[in-house]
Structures are given as structure tokens and as C-alpha cells.
Protein chains: 2
Amino acid sequence: MTGAVHEDCEVRFKPDDKTVLVACGTSLAAAAARAGVFIALPCGGRGTCGKCRVRLLEGQVSEITDAERDALSEEELAAGFRLACRTLVLGPATAEVPQASRALDRKEISLLQTRRFQLEPAVRNCVVKVDQASLEDQRSDLDRLRAALGQEFALPCSLWALRRLPAAIRASGRATRVTASNSRIVHVTPASEPDGVYGAAVDLGTTTVVGYLFDLEEGRYLASAASYNPQVRHGADVISRINHAISNSHGLGELHEEAVGVVNDVITQAAAQAKLNVEDIFEVVLVGNTCMHHLFLGIDPRHLGQSPYVASVRELVNVEARDLGLTVHPSANVVVLPVIAGFVGADTVGLILASELTDRDYSALAIDIGTNGEVALWNGQDLLVASCAAGPAFEGAQIKQGTRAIPGAIERVEVRDGDLLVHTIGDLPAVGICGSGLFDAVAVLLELGALDAMGRFSDGKGLSEKIAARMSGEGPERRVTLADAQATAEGSPVVLTQGDVRQVQLAKGAVRAAVELLLAEAGLRAEELGEVLLAGAFGNYVNPHSILRFGLLPRAVPEERVHGVGNAAGAGAALALLSVSERRRAEAIADRARHVELFTSTQFQEVFADAMLFV
Amino acid sequence: MTGAVHEDCEVRFKPDDKTVLVACGTSLAAAAARAGVFIALPCGGRGTCGKCRVRLLEGQVSEITDAERDALSEEELAAGFRLACRTLVLGPATAEVPQASRALDRKEISLLQTRRFQLEPAVRNCVVKVDQASLEDQRSDLDRLRAALGQEFALPCSLWALRRLPAAIRASGRATRVTASNSRIVHVTPASEPDGVYGAAVDLGTTTVVGYLFDLEEGRYLASAASYNPQVRHGADVISRINHAISNSHGLGELHEEAVGVVNDVITQAAAQAKLNVEDIFEVVLVGNTCMHHLFLGIDPRHLGQSPYVASVRELVNVEARDLGLTVHPSANVVVLPVIAGFVGADTVGLILASELTDRDYSALAIDIGTNGEVALWNGQDLLVASCAAGPAFEGAQIKQGTRAIPGAIERVEVRDGDLLVHTIGDLPAVGICGSGLFDAVAVLLELGALDAMGRFSDGKGLSEKIAARMSGEGPERRVTLADAQATAEGSPVVLTQGDVRQVQLAKGAVRAAVELLLAEAGLRAEELGEVLLAGAFGNYVNPHSILRFGLLPRAVPEERVHGVGNAAGAGAALALLSVSERRRAEAIADRARHVELFTSTQFQEVFADAMLFV
């Protein structure tokens, strides 16, 4: 059989149950990418690494290749296993993609795996053969290139591309690769040069910054990297950043450079992991709260911090990378997703987009737990949003041994045999405690009676011996040892202090108050919520029971309706990177959202005081 | 009478005989600008300097103001003189604009004064009042600005403008000036700040660079400045520039920086004269030959110098100023007019545009005499273009005492009382000889018999005593004194040497050969030419008799059909700056022109040898 059949074939992927129509002759790997199922291709799809094994359940595909006989055992072949990169679809087919073959190693943006979307990146790419000039054909280089390009590339040509044009079209073979982005030709290069078209999705948080890299031709996830935002040296929350911008003549410049610098860092780190050249990154989609959004663009944020708290720019912004100093391709388009209000940012837009909050026919709540907490409430008709100053506690900052959700972070705490049992990310020696670990620890300590409703540690009386033995110190120095010295990376115990609990109380009180007030504004009761989505870079594991015991949500919310969705803001940025339709949806979300101002609400302080309690 | 009448009034300006329809209530100065008649307004149209006096011949206008009574005498008022800036049109009117009131002091671009065009700059400007934000109106700054702006300003907002937006709309009075260029909002500023919208037209020649500044709101000419191209240190002609780019690793970078540097220089000089801030220049339109065009953009010119001699880019290019390093407004649009072929550049397009060559119903020839000579022939139907390497002699370079057409340059030579009589620009002590002076000097010396048909100086026999006394030296050192030591600025005589004549012969031979071959290609005889236009930065005065005697044109061309049009390329750039319709016409000209390749013509060398002779 040959690949010359050109009808469309329907391919289904299990257990995702995603289907896609592709031209017959397409590889299973490419079909999967188009269906939004990301298969690992460490060897670049050359059939040499054997990592992309999938199991063909039914359907017509190409014959088993030598590469597959080398990579797979007789038993595997007999069970239907194939290499996705070597297997061509020749008719309707169904394949199962094992977890081990999946590329998406960050649970953080796991929403991308379950979310249907059309792969249609804004960056386009094609290879054409340009006629040679002659005395009979003295058309300019660009005129000859344009004649070879289709109508969809009839776009202005950037200076960068113009300068590379003469050499590129004269390279041996004369096949020329042309890349277009944001309605301009931005790159021209000989097709013989190794090259790719990559994109980055970035979540620029007040405390944590994460970058995700994708292959835009295949829609394939490649790598990610995270870093703390260096702006934290000016203060933990957005208000302190705004104050720094106002009170120092170079403050705005500094904050802008730090924002750009950390975005460059995470992109560079991720590119190094994926072994790709940052100059081959042709688009960056960024989300962040409104303050981060303004600082990244170099726009004075002072008006965000003063009544009436308005953003200077709400709409989606396209900027060229070199105008910001990003080290990706100089003509790369940097898309900053729209914000909603002064304290409800593009991160919330990303969350709503990725979670499809507004596609539900029931009421649902989405919370982005960052240093700036942002809450979106969908009542089946209207989209209400609000924000609160949660502080950085859930991201591990201002917590004595807090950390981001890195390997070794305590992400889970439970009670086993009357004692605490802690789990770390990657089952490594403990290095600190991350957001989800804090939720669990506080919930467990409350249930054990080691912590009271006011947030005070008990004196140990009435507690089990093992728990009491973990408690030490007095007053603000009182603490619970979560991991003792032998179980940690540094050889000193990981503890949760009374001061840590106070930080956590402030953070949870702010979020809880925002939730209460937004429900009141919508005239909804907590038990009417069909779903509550918890997003944030605070950790990938979320225990709904802990969340409710901890009191981040009203107790009336049924436990089974609470779901962690990881870094949904980042997933939203990735969706807008991979699909221009999703980008337009992000704009529609920002347009329709109605902002509820809590800062000036007289009720807020009142509700906040109650919300800080663990009741 | 008040200005509340809103019908259109027809205003006619004499002696130009240009008419324009303007809203009643428009000032005569503004009406004149719209008609393409440039009136000097040194005080900015405030009625304080009295320089804009015009004579009302007939029509309905506003009453005489106090400012006019102060500025004009009783007799002047009785004779109908008014200040154009103070006089409002209230019905059909005719006014005469004396030469002294005209702003266009550069005869070089005098084509602009006779050429009809519609003032419609690409840069637009408006002042709006932006609503203040409140807790009830939390729309972003940009959303409120957009609501205040009309539909024609529904454009993307540049990063530069975004960064200035928050402060601009909050300035006292809240009136905000918005400037748009090339389909983007590029500047936002408080309307209270002194500000203007200016543009520059630049002719980037191989040897000479000239910049002209205009007020884009009024279409008013402001100032100009010229400089030698610093690239001359790498060689006089485009071939030596191309060689420098090829043979030095940093050659292209150097040439690019020099091109950008000299454009910055002439713009800065002209802006200083006009007392305006270069950052208020929002558009630059540039013409130049194809090599200068490529070097200015930083595009490798090597393929221009190799068969088949093709340009890399032919089409009109828009680039942002900061991407080139121009010191005008960083978001200013830099328009590089289209070229036609590898050696027929945007300067020729400018010449054809400004001279309306292709609007004639008879055959006409236009010659741009630069270091690279470019010739356009219109036969009433087709537009043929060709180029030749003339060398820089006509711009004063490689001539012992050659100079650009600067004050003190000998621009005219005639015979009076059996001796030479020279005229300098501005009647100043002579500083050297410019292009038109060379034409005259050679023609006069040929007529006197001091120079023979082969271009050799005579030994003085048979010449008048006065002429013979001016000749000295032997062989290549033989020379004629044009201005003796007392009549020069430096106290040493200005002479024309045998070597100078040789340079002039090479230059005129190349141009003449191109003219002959182009006529042959079109099947036209010289006497059939209805008009010959001579353009170039070589001097503003052109003596058709000298041109014909000198042999730049075939003798069969009737003398009265030869016209100097000054720097028509620069005038073309200015037209494209002042009018987007003219810009589109420039593109149409480049599209329709048919290039005739002379480099590879076997006839060229043959014709060239003959064309060097003064017969």
C-alpha cells in the first residue's frame, strides 16, 4: 500500500476519546497532535527512539516498518503496538495512547490534554522554490519570491526577512522556507538549514513565572521551565510593585526589565531542555495579572493602585519581540492576552478559556490562587469576576520553609497511624512545603485539634503522643515539624510555624471573602455551584477535602464538585498560542466579563474578618 | 460677518492659477497650502510677523483685523494686501501670492510649486477629550480613548503610544492629541504641549544627500539641508560601494550606518533651521538609486553588481524609524519609494512622479543626472527606463575645484566683452564650480575654440587676449582660470583643468549614450521629443544652449524644449510624503516602467566612445 490515497480518515484516540479528520497518509503522531493528544517524540519522529509507542485498537494503517521491528518486541507487535511516528493512517482507525508515551509531562497544564481545540497557530510556514533571475527575468528577489508564494503569504515583508532574502533564495537547491506571523513575513531562510517553528506560552505571575514551549507545526508540547519573579525584591504583592514604580524615578524601568528578564530566563531554560534555538521561537503568548501585564509592557501601573483602579490597556496587545527586548526571534509576535480590570488580569482570561467555564449549562466558580487571587463566577448566563490580595503564601513565599511546587516540595499531608505522613513531589527528600501541602497540613492539624478555629497552635494537650512530639516552641515561634531532619534534603527539619499559619489565614480569608461576595452579587448559594475549579501554580495535587476543611470555600460546596486544574492560566496561554480561534475566544471572554469591585465594597472588611477563621 | 457659514468656497491663487475648494471660514493661508501654494508663516500663523502678506484681487473674506492694521500700511491695505493667516474665506475669492511671501525657498524642488496635488498625508492627527474613569466607569484608559476617537482612528496602538497614554489623558484639561501613521496610533500626548506633525522627504544620492521638511498638517515647506554622502570615502560610484560591501566583513554594516547617519544629519540640520524637535517628525519618505536604497535598508547590494543585476526588493517598503536607527519619532513610518531595476532607483520614480512625465500626450525624456545617471523615456504610451554610470563629476566630486550647488558655487559662465563672466550662487565670492557651471564653462570654451571636439585645451593661439591670459600649464596640468584670486573666498583662483574636462567627458558620454540607446529602443528620433527634463542636485540653473553645445543631448533637440527641473527626485519624495494618492502613483509608475538593460548591450561601448566627443 502507498500513501497516495487522499481522502480524509477519522482517527480516534483512547482513552481521551478524541477524534480528528486527517488526510490519509498522515502519521498517527501527527494525527494525535492535531487531536490535541501530545505524544513524546524525543528523536524528532525519526523512528529511532521507540518512545512513541501506541496500541492500534482497530483500523487501516501502513505496514510494520523495520524501525518498528527493531523498537518493539514480538509480543508488543502482536498486541497491536506501533510507533506513532512510523505508522501512516490509511483509513478510519482507533489507537490507545499509553501514559508513558505522552509528551505532556507537566500536570500543571493538563487541561490541554482534555480540552478540545483546533490546531491553527498564527505562525505559518512554507517552503517554495524561487525562480532564478536572468537577463530575461530581472524581477527583484522579493517579486520572484512572491510569485512562488501562495496568496496567503501576500503580506508585507519585515526588514529582518528582507535582509536575509538575497542569500536565502540563492542557497543551494534554492528551496526557501518562509515564515509569517501577525500578518507579516518575518523570516526567510534556506530550506536546507535545520529549522523549526516554535512558540512559547508564558504565565507571568507576581511570584512565579512559568514558560511552556510548543512545536507550532505539530502542536506538540516540548518543555517547560519556571522561576521566581525577581521583582519580589521590591515586595511580595502587586501593591508593593506599584509603589516601587511610583516612588523611584527608575522604578518602572527596573520592574519592566526584571519582567522581561525572567520571561527570557524561563524561555531560555525550556529551550535548552528541548534543545532548540530561541531564535526559532516565532510567537510568545503571555498571561499575567494586570499589574504584571503593565510592567511587562513597560506601562506605568500607578493608576491600578488608585481609585478607580482602572487598567491603562485592556485589549489584546501585539508587540514585536525586539521592542520588548525578548531574546526570541526579533520579529516574533508577542501576544499579551486581554485583561478584564485593574486587578483581574489575563491570567483569569486564560483560566476561563482553558476551563471552558462559560460553556457550562450550570453555575460554576473558577479561582486562580496566585499572589493576586482572581475569582470568576459563571451562572449559566453572566460572567462575574473579582479579585483579592491573597499574598504569596500559597506559592511558598513568606512561609518560613515555603517553596514553589518543585521536586522535593511537600505537596500532600495525611494522617496515618496517629502521625503525619508527608509526600513530596517526586518522592524526594523534603526541601520545603508548597501550596497544596499547606492546604493539607492546615486541614489535618485542624482535624487533629492541633490548630484551633482562630488559627492558634494548641499546647499539645489532648493530642496523640506522636503529634504532640512534633510540636515545639512558644508563641509566634511555636511550630509543627512536618519532616524531621533525616527525611530532608538539607538535613534540618521542615516545619510549619505559627507565623506561617497567620500568613495562610490572611490568604485564605481574602479568597474566601471574594468568593462569598461574588456569590452574593450573583444571588447564588454555595450549594448551587455545579463545579469549583481551583487553578494556580501552588501545586498540582489538590485535595478537595482539605480545601473545604481549610475553608477556602464555603463548607456547603459538595466535595466531589471541587477540582484542581493546575496552572489553567498557563494552559489558556498555550491554547491561544496553538489556535487563533482560541485567541479570539479569549478576547470575547474579556469583553463579556463583568467586573465586581471589592476594594471599595464596605462589606469586604467585614466578610474578610470572618473568612479568616477556620470554621 | 462670522465664520459660521459652512458651504465650500472656491479660492484661486495667482499667478499660479491654482484653485481649491475649502469650507467657508478657512484662512487664506490654509487654503493656499491645500492648493499647493506654500506661504511663509514664520510666526506660526499667529498674525505677529506680517510675512504672509497676499493681495486680495476679488472675493468675500473676513474683515480687516487689528493685527493686519499693525502689520500693513494704509497704502498696502488700500491696494488689497492682507495677512493670509488672519483672513478667512467667506465666499469665492482670488488672491495673488507675491514671491516674497512664499515659503518654498529651495528652487531645487520648485516642481512642487507648479505641480497640482491633493494634500492628504498618511499621518493623521486629532485632539479628543477622554472621559475620566470612575468607580462607575472602570473602562481602561485605551477603551475610553477609543470611545472618544472616530472610526478612522480604530487602529492598533503602538507600544510607544501605550506607554504615554496614562499620563497624557490625565494631563490638565484632559484634551489629548493622537497621531496615527501607517495604520497605527503612534503617539499620544496632552494637547496642551506644544507639538506638531512634521515629515521629511529625503533624496539619498550616491554623492549628495538632501532632506526637506514639511508641516504635514498644513502641507507647508519648512526647511532643507544637504550634505555629502560619507560613503564617498569607500569610492565615488555605486560599484565601489558594492565592492566595499562584498570585500569587507563589516562593509555592509558600515555603509548602512553611514547612510542612516547622513539621513539623520540632514534631517537634524533642517529641523534646527525650522526650530522643531526631530521627535515630532512622524514620517520620512526616501528616494535614492537602488544601491543607496539597499544600503539604507541594510540589504546586501552584491547582486546589483553581478549579472543579471537584479534588485532584492523593488516594491515600496514601510519600516519603523527605530528599526533603522533614525532619530525621528521612534514609531515614525519610513517609506522607501519603489525602485524599478538594479540601477534604476526610487529617485527616477520620484522624477517621473514629480514631473508628471507619463501624463503627457507627446514624447518626452527625463534625465536624472546623478553619479548614477538614470534616463526615462515616455513615448505617449510606454515608459522605458535605463541607467548609466555617469560618475560624480556633475555633483562637483572628482573635479579639482568642484562643489555641490552651495552659496558661492560658480553656477553660470558666459562670454562678455571677449572674456568669461562667471556668476555664483548668491553672488558671493567664488568657492568652486558646480554642475551647471561645468556645463556652461565647457560649452563656452568650446564656442571660443579654447577646447576642441576631443576635449583638449588649445595652446591659446587664435584666442582673444583675455581668454588666452586665463590659460596656463601644460598637458594634464593645463587649465583655465574661471575666477581669479581676488574674486574667490579663499584668495586662490578657481580653475578648470584638463583632468576635470576628462571627467566631464566620461560623465556626459555615459548619459548621452543612454539617451541615444533608449531613443533607438523606442524607435524615436531626437527631434520628435516634445520635451526634455533635466533633473539632479547639480545646480538649479540650467542653460539649455550649454546643454546642447556640451552634447549631453543630441543636437537635434530644439533648445526651447529643454528644461531644468532641479531636484525632481526630491520633489517626488515630497509629493509622496504630502499625499497618499501620489504615493500610490509612485507605485504604479514603478510597476509600469520597462527597464532596458544597457550594461549588457553590445552597442553601449560603441555609442559611448562617440558620445564622449564634443561634436
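These figures come from a predicted structure and were not determined experimentally. (Residues numbered from 1 in each chain as written. Chains lettered and ligands numbered in written order. Predicted model: local features only at pLDDT ≥ 70, side-chain atom pairs only at ≥ 80, totals over all residues.)

**Student:** Can you help me understand the overall build of chain A in this one?
**Tutor:** Helix and strand counts for chain A come out as 18 helices and 26 strands. Against the globule reference of 25 Å for 615 residues, chain A gives a C-alpha radius of gyration of 26 Å, in line with a compact fold. A buried classification covers 55% of the 615 residues belonging to chain A. Looking at chain A alone, contacts between residues at least 24 apart form 68% of all its contacts between residues at least 6 apart. (Helix = DSSP H or I, 4+ residues; strand = E, 2+ residues; numbered from the N terminus. Rg over C-alpha atoms; globule rule 2.2 N^0.38 Å. Buried ≥ 20, exposed ≤ 12 C-beta atoms within 10 Å, placed from the backbone. Contact = placed C-beta atoms within 7 Å.)

**Student:** Please explain the sheet that holds strand S7 (residues 175–181) of chain B as it appears in this structure.
**Tutor:** Sheet strands pair by backbone hydrogen bonding; their relative direction is either parallel or antiparallel. Residue and element names in this part refer to chain B. Spatially, 3 strands are ordered S6-S7-S8 in an open sheet, and the strand pairing comes out antiparallel. Strands with a single pairing partner mark the edges of an open sheet, and in this sheet they are strand S6 (124–129) and strand S8 (184–190). Between one strand axis and the next, the sheet turns by 25° as a mean value, whatever way the strands run. Where S7 and S8 come together, 6 bridges link them in antiparallel fashion. Bridged to Ala-180 within S8 is Ile-185. (Pairing = 2+ DSSP bridges. Axes fitted to C-alpha atoms, helices over the stretch in contact; angles between N-to-C directions.)

**Student:** Please clarify how the interface of chain B and chain A should be interpreted in this entry.
**Tutor:** Interface size, as often reported, equals the accessible area lost upon joining of the parts. With 37 residues of chain B in contact, the opposing surface of chain A contributes 37 residues. Only helix H5 (141–148), helix H6 (159–170) and strand S13 (317–320) of chain B provide two or more residues apiece to the side of chain B that touches chain A. Ranked by the residues each element gives to the side of chain B that touches chain A, the list is headed by H6(B), at 6 residues. Partitioning the side of chain B that touches chain A into residue classes produces 18 nonpolar, 10 polar and 9 charged. (Nonpolar A, V, L, I, M, F, W, Y, C, P; charged D, E, K, R; others polar.)

**Student:** Quick question: what am I supposed to make of the relation of the copies chain B and chain A here?
**Tutor:** Here the second copy of the chain follows from the first by a rotation about an axis and a shift along it. Expressed as a screw transformation, the operator carrying chain B onto chain A has a rotation angle of 180° and an axial translation of 0.0 Å, and the superposed copies differ by an RMSD of 0.1 Å. On this basis, the relationship between the two copies can be described by a two-fold rotation axis. Residues of chain B ranked by C-alpha distance from the rotation axis are headed by B:Asp323, positioned 4.6 Å from it. A share of 100% of interface residues in chain B that are also interface residues in chain A marks the association as one of identical surfaces. (Least-squares fit on C-alpha atoms with pLDDT ≥ 70 in both.)

**Student:** What should I look at first to understand the pairing of strand S24 (residues 531–535) of chain A in this one?
**Tutor:** Residue and element names in this part refer to chain A. Where burial is concerned, most of S24 is hidden: 4 out of the 5 residues are buried. Looking at chain direction, strand S15 (residues 364–368) and S24 are connected through 5 bridges and run parallel. Looking at the pairing, Ala-364 lines up with Glu-531 of S24. In this structure, S24 lies alongside strand S25 (residues 562–566), joined through 4 bridges in parallel fashion. Among the inter-strand pairings, Ala-535 is bridged to a residue of S25, identified as Gly-566.

**Student:** Which parts of the structure should I look at to understand the packing of helix H11 (residues 346–355) of chain A against helix H17 (residues 580–592) of chain A?
**Tutor:** For any two helices packed against each other, one specifies the crossing angle of their axes together with the interaxial distance. Residues and elements named next belong to chain A. Running from amino to carboxyl end, H11 crosses H17 at an angle of 120°, the nearest separation of the two axes being 9 Å. Classed by the angle they form, the pair H11 and H17 counts as oblique. The handedness of the crossing between H11 and H17 is right-handed. Contacts between H11 and H17 involve Val-349, Ile-352 and Leu-353 from the first element and Glu-582, Arg-585, Ala-586, Ile-589 and Ala-590 from the second. Residues belonging to the contact of H11 with H17 are distributed by class as follows: 6 nonpolar, no polar and 2 charged. (Parallel < 35°, antiparallel > 145°, perpendicular 65-115°, else oblique. Left-handed = near helix turned anticlockwise from the far one by under 90°.)

**Student:** I keep staring at the sheet that holds strand S4 (residues 81–83) of chain A and nothing clicks. Help me out?
**Tutor:** All names here are of chain A. Pairing is mixed across the open sheet formed by 5 strands, whose spatial order is S2-S1-S5-S3-S4. If you trace the sheet from one side to the other, it starts and ends with strand S2 (18–23) and S4, each paired once. Across this sheet, the average inter-strand angle for adjacent strands is 40°, counted without regard to direction. Where strand S3 (residues 53–61) lies against strand S5 (residues 89–96), 5 bridges are found, and the strand directions are antiparallel. The partner of Val-61 across the bridge, within S5, is Val-89. Along the sheet, helix H1 (residues 28–35) contacts strand S1 (8–14), S2, S3 and S5; its crossing angle with S2, the most-contacted strand, is approximately 125°.

**Student:** Please explain H17(A) as it appears in this structure.
**Tutor:** Since the α-helix turns once every 3.6 residues, residues separated by three or four places project in the same direction. Residue and element names in this part refer to chain A. A rise of 1.5 Å per residue sets the reference length of H17, with its 13 residues, at 18 Å; its end C-alpha atoms lie 19 Å apart and thus fit the reference within 8%. Along H17, the residues classified as buried are Glu-582, Arg-583, Arg-585, Ala-586, Ile-589 and Ala-590. The arc that holds the buried residues of H17, viewed along the axis, is 155°, so those residues lie on one side. Turned more than 90 degrees away from the buried face of H17 sit Arg-584, Asp-591 and Arg-592, all of them exposed. Contacts made by the buried residues of H17 are with strand S14 (333–336), H11 and helix H16 (568–578). (Expected span 1.5 Å × (residues − 1). Arc of directions from axis to C-beta.)

**Student:** Sorry, what's going on with unusual backbone geometry here?
**Tutor:** For the bond running from A:Lys14 to A:Pro15, omega is -5°, close enough to zero to count as cis. Between A:Ser307 and A:Pro308 the backbone carries a cis peptide bond, its omega angle lying at 5°.

**Student:** Would you explain the domain arrangement of chain A in this entry?
**Tutor:** For chain A, the assigned domains are domain 1 (8–103), domain 2 (124–190) and domain 3 (394–503). The C-alpha-based centres of domain 2 of chain A and domain 3 of chain A are spaced at 61 Å. (Domains from an automatic or database assignment.)

**Student:** Would you explain the environment of A:Leu286 in this entry?
**Tutor:** Residues and elements named next belong to chain A. Mapped onto the fold, Leu-286 is located in strand S12 (residues 281–288). According to the C-beta neighbour criterion, Leu-286 is buried, with 31 such atoms within 10 Å. In the structure, Leu-286 is positioned 67 residues away from Leu-353 in sequence and 14 Å away in space, judged by C-alpha atoms. Setting aside residues no more than four positions away along its own chain, Leu-286 makes contact with Val-202, Leu-204, Phe-296, Val-334, Val-336 and Ala-573.

**Student:** Could you clarify how one ought to interpret the environment of A:Gly345 in this entry?
**Tutor:** Residues and elements named next belong to chain A. In this fold, Gly-345 is placed in the loop between S14 and H11. Taking the C-beta count within 10 Å as the criterion, Gly-345 has 34 such neighbours and is therefore assigned buried. A C-alpha to C-alpha distance of 8.0 Å links Gly-345 and Glu-374, two positions 29 residues apart in sequence.

**Student:** What's the story with helix H12 (residues 435–448) of chain A in this structure? I'm lost.
**Tutor:** All names here are of chain A. For H12, spanning 14 residues, the distance from its first C-alpha to its last is 20 Å, which sits close to the expected 20 Å at 1.5 Å a residue. Most of H12 is tucked away: 11 of the 14 residues are buried. Within H12 the residues assigned to the buried category are Gly-435, Ser-436, Gly-437, Leu-438, Phe-439, Asp-440, Ala-441, Val-442, Ala-443, Val-444 and Leu-445. Following H12 by one or two positions, Gly-449 adopts a phi angle in the positive range, close to 85°.

**Student:** For this particular structure, what's the right way to read the confidence of the model for chain A?
**Tutor:** Residues and elements named next belong to chain A. When pLDDT is averaged across chain A, the result is 90; 96% of the residues are at 70 or more. Scored below 50 in pLDDT, residues 1–5 shows 8 contacts in the model against residues more than four places distant or in partner chains. Reported confidence for the predicted complex is 0.79 by ipTM and 0.80 by pTM. (pLDDT = per-residue confidence, 0-100.)

**Student:** Is there a simple way to explain the packing of helix H8 (residues 251–274) of chain B against helix H9 (residues 290–297) of chain B in this structure?
**Tutor:** Residue and element names in this part refer to chain B. With their axes 7 Å apart at the nearest point, H8 and H9 run at an angle of 95° to one another. In terms of orientation, H8 lies roughly perpendicular with respect to H9. For the pair H8 and H9, the contacting residues are Leu-255, His-256, Ala-259 and Val-260 in the first and Met-292, Leu-295 and Phe-296 in the second. For the contact of H8 with H9, the per-class residue count stands at 6 nonpolar, 1 polar and no charged.

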